[in-house]
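A closer look at the structure
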Amino acid sequence: MYITRHVNIPDEILRAREDGKLVVFAGAGVSMGPPSCLPNFPQLVKQIAEQCAEVFNERKHPAFDEYLGELDIKYGKVNERVRAIIGRSDSSPNILHRDISQLFTADNLRIVTTNFDRHFSSAIEKLKAEGHFDMLPNEFSAPALPRGNKFKGVVYLHGNIAQDAEELIVTDTDFGRAYLSEGWASDFVRTLYSSDYTILFVGYSHSDPMLKYLARGLRIRKNNKFSFVSGKEIRKGKDAFWSSLGVGVISFPTSKKKNKGEFFRLEEAVSELARQFNMGFLDHTNRIQSIAKAKPPIRNEESDYIQYILTRVDLAKQFCSEALSYDWLEWGSINGILDSLFSSKSTELTEIERALSNWLAEIASQDTSLKTIKLIASQRKDIHPEVVYYLVRALVHKEMPKNAENDCILSEWLMLILDNSRSRIVYPLEWVIDILEKKFSALNKSLVLTVADFLFRFVDNRQSSVFEDLVLHDVKPLADDNTIKEFWQRILKSRLAELSGDLLTMITKKFVSIFNRLKATGSVDENWDHFSVMRSSIEKQESAREESIDLLIDILREAIDFQIMNSDPDRLLHYYNWKHSKMPLLERLFLYCVKKDDYYSNDEKVNIILKSDWLFKSSLEVEVQAILTESSELSHNTVLSLEACFADKEKEIRALDDGEKKRVFYRELYNRLLWTKESKNSTDYVNNTVTRIEEQYGFKPSTEVLKRGVRSYPVTFVSPKSVDELRRMPFPELIELMN
């Protein structure tokens, strides 16, 4: 994230601060600027050498700690001299001490410094007095150090001037004790580097003598350590030093302004970072509003700021409520902010992704052109189901004039929504009907049929069965019964004049397609299907179920009734397709039409049953009964054909050895003979056969209207298999046993 125009802070630093996992490791460079004005380590060594009347040569004495050790042996009191130089009264905390401290709150402050001054402690005390901290953090000084992987507060790794001078880590002997013989400093550093903290080095250069000790263990864990490095060092290729230690480089330019210090850009970046970390919701809101008023493109730091706040739920929602122009949506698409919204993944969206989805939908609902649709289409990916929800909701609540131009835009949106509603649907399907009914000035036929094709699409919800090798197929339309009913009442019913033929073709194809799929699995056959077995009649009845499949059958019936009423010649094509479908439901629909349509004479109606060999087809029983009982005054030839069919059937029954089966089949024959008598087409053969069957089996005419569904006849049967054996039997063997 570009925190300023010149400095880009890695996201790892921002996340670590948000998670309370940030550690700042401060070196001598932090205390060099005014009003601190303290020397770095080479300068410190030079001043001590001068006090001892020695000439310090950095090339001759590259190991500063060893040189100080030599001075201590020769002149003594080197540690006291260091404490006096660092502790001079005119040195006070500078802006870096203050701003680094403000990167934290009191309960997650973690600052480690190798400096001897106590300017961090002084800066924190002043910030507490100003109300930034509600309490002072812990303070640790060498050698009494905490564990590096579990601490809070300020750690003076090499001691500080408030301690006895001998406890400061200055000479090679001191460093040997801290990092080798006693090892308390090395233990702290090692456990810190291997922890889950993210470490930010400030105030160190590649040539810093302290790094000889601090670098040990830096490679323990990578990707959790970063350092500010000046542009001057980078130009010299010294950034490679940091990279070799597994430390990420954060570059900053050195300042050339006369009234600014050399490290002004570093101070500016840390100051801005502290300011943003301490911004309240109102501060963020003001900045968001200021940025949102302008149109993209925006400066790097503003762009990165927006991407940063989009990682916080409260600020993401605020941005989405302010940046409501298409330009911002386009900017979000270019910068990858919308990428996670274009996926068919089944996982739920995060709260931030939902805010972005609502933002996308809000801008889309205000777009009077096709720009937003084109932007979505350019993603060339599926839209996440929850995003589709927000888009549909926005269209439902959108207020717009009803005219042809807006109809075209709405149509494009509906097509986009339907195309992205194939896997998982999380919005109420009634919303699609609301859009059709309330938002369009005029509905075109193709749009309505497209929506019908979508709502009436069959879904196979496979379920397990008590039989180990059997899968049950719960087939239903995508839309539930209430949605289909609403769609029929509000959209389709009044448009049958233009839609009836297309609806008949569409729904028929859907039934045939799913029937053939189920037939391939052995779940249905030409004598039985899921769709009509529990349907008592094709006619609408008060007691009829109103499940979604029944409502589709009702729509088929209403559409064909409309064509029959208007003598539409196209109805004969549908008759032909249904008659030859080999699907029980459609065969029943055909017989329903045959009975109702005056296009057929009574003789033609009965002969259709006979020539199709449907007289004794159990799945068509209700419709066969209706035609036989109402087809009076049949011709002599038709009556003879009926008698021949009855005689052939009885001949088949007599050939059976199973007495119970004979009884069942005689009942079916008996019923059809009675239906023929009822239509006043009775003959001596019919009357005599009825009497003989009644005498032989004791059958009597039933007063109940025959209905489709499960029927029972009195039989005596004992299963040759136990319940457990039946459950373990393969399905084909079970069917064979039942036959």
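Here goes a summary of the coordinates provided. A quick note: this is a predicted structure, and the numbers were derived from the prediction, not measured.

1. Quick notes on the overall build of the protein chain
Counting its secondary structure elements, the protein chain contains 34 helices and nine strands. The C-alpha radius of gyration of the protein chain comes to 44 Å, more than 25% above the 27 Å expected for a compact globule of 739 residues. C-alpha atoms of the protein chain, sized along the principal axes, occupy 145 × 70 × 45 Å. When burial is assessed residue by residue, the protein chain has 51% of its 739 residues classed as buried. Here the contacts in the protein chain between residues at least 6 apart in sequence split such that 70% fall between residues at least 24 apart. Taken as two groups, the 100 positive and 109 negative side-chain charges of the protein chain have centres that lie 4 Å from each other.

2. Regarding the sheet that holds strand β1 (residues 22-26)
Ordered in space as β3-β4-β2-β1-β5-β6-β7, the seven strands form an open sheet in which the pairing is parallel. In this open sheet, the two strands that pair with only one neighbour each are β3 (139-141) and β7 (248-252). Taken pair by pair, the neighbouring strands of this sheet meet at an average axis angle of 20°, ignoring direction. Note that β3 and strand β4 (residues 153-156) share three bridges and pair parallel. Residue pairing for β4: S141 is matched across the bridge by Y156.

3. A look at a positive patch on the surface
A cluster of like positive charges, contributed by R235, K236, K238 and K256, occupies part of the molecular surface. Relative to the elements of secondary structure, K256 occurs in the loop between β7 and α12 (264-277).

4. Some remarks on the pattern of salt bridges
Taken as a whole, this structure holds 37 salt bridges when the rule is applied. As a salt-bridge pair, D174 and R177 come within 3.4 Å of each other at their nearest N and O atoms. Highlighted residues: D174 and R177, both in helix α7 (residues 172-181), separated by three residues, approximately one helical turn. Judged by relative accessible area, D174 falls into the buried class, the value being 6%. Its salt-bridge partner being D554, residue R535 comes within 2.5 Å of it at the nearest N-O pair. Taken together, the residues R535 in the loop between α24 (496-520) and α25 (548-565) and D554 in helix α25 connect sequence positions 19 residues apart. Across the pair, D554 and R535 agree in class, each one buried.

5. What to know about unusual backbone geometry
Each neighbour pair has its own omega, and for P34 with P35 the value is 5°, a cis peptide bond. Tracing the sequence through the fold places P35 in the loop between β1 and α2 (41-51). The omega angle of the peptide bond from A142 to P143 is 5°, so this bond is cis rather than trans. The phi dihedral of K77 falls on the positive side, at around 55°, and the residue is not glycine. Phi is positive for K680, which is not a glycine, with a value near 65°. Tracing the backbone shows K680 in the loop between α31 (659-678) and α32 (684-697). We classify K680 as exposed; its relative accessible area is 75%.

6. Things to note about the packing of helix α27 (residues 584-596) against helix α28 (residues 602-611)
One can describe the packing of α27 onto α28 by two numbers: an axis separation of 9 Å at closest approach and a directional angle of 160°. Overall, the two elements α27 and α28 adopt an arrangement that is roughly antiparallel. Here α27 and α28 pass one another in a crossing that is left-handed. Residues F590, L591, V594 and K595 of α27 form the contact with α28, whose participating residues are K605, I608 and I609.

7. A few points about the side chain of D561
Among the secondary structure elements, D561 is positioned in helix α25. In this structure the side chain of D561 is engaged in a polar contact, spanning 2.8 Å, whose partner is the side chain of Y592.

Conventions adopted
Residues numbered from 1 in each chain as written. Predicted model: local features only at pLDDT ≥ 70, side-chain atom pairs only at ≥ 80, totals over all residues. Heavy atoms only, no water. Helix = DSSP H or I, 4+ residues; strand = E, 2+ residues; numbered from the N terminus. Rg over C-alpha atoms; globule rule 2.2 N^0.38 Å. Buried < 20%, exposed > 50% of the residue type's maximum accessible area, 1.4 Å probe, protein only. Contact = heavy atoms within 4.5 Å. Lys, Arg positive; Asp, Glu negative; His and termini not counted. Charge placed at Lys NZ, Arg CZ, Asp CG, Glu CD. Pairing = 2+ DSSP bridges. Axes fitted to C-alpha atoms, helices over the stretch in contact; angles between N-to-C directions. Patch = residues over 30% accessible without salt bridge, like charges linked within 9 Å, V, L, I, M, F, W, Y side chains within 5 Å. Areas by Shrake-Rupley, 256 points an atom, 1.4 Å probe, with all protein chains shown as cover. Salt bridge = Lys/Arg side-chain N within 4 Å of Asp/Glu carboxyl O. Parallel < 35°, antiparallel > 145°, perpendicular 65-115°, else oblique. Left-handed = near helix turned anticlockwise from the far one by under 90°. Polar contact = N/O pair within 3.5 Å; in protein donor to acceptor, adjacent residues only side chain to side chain.

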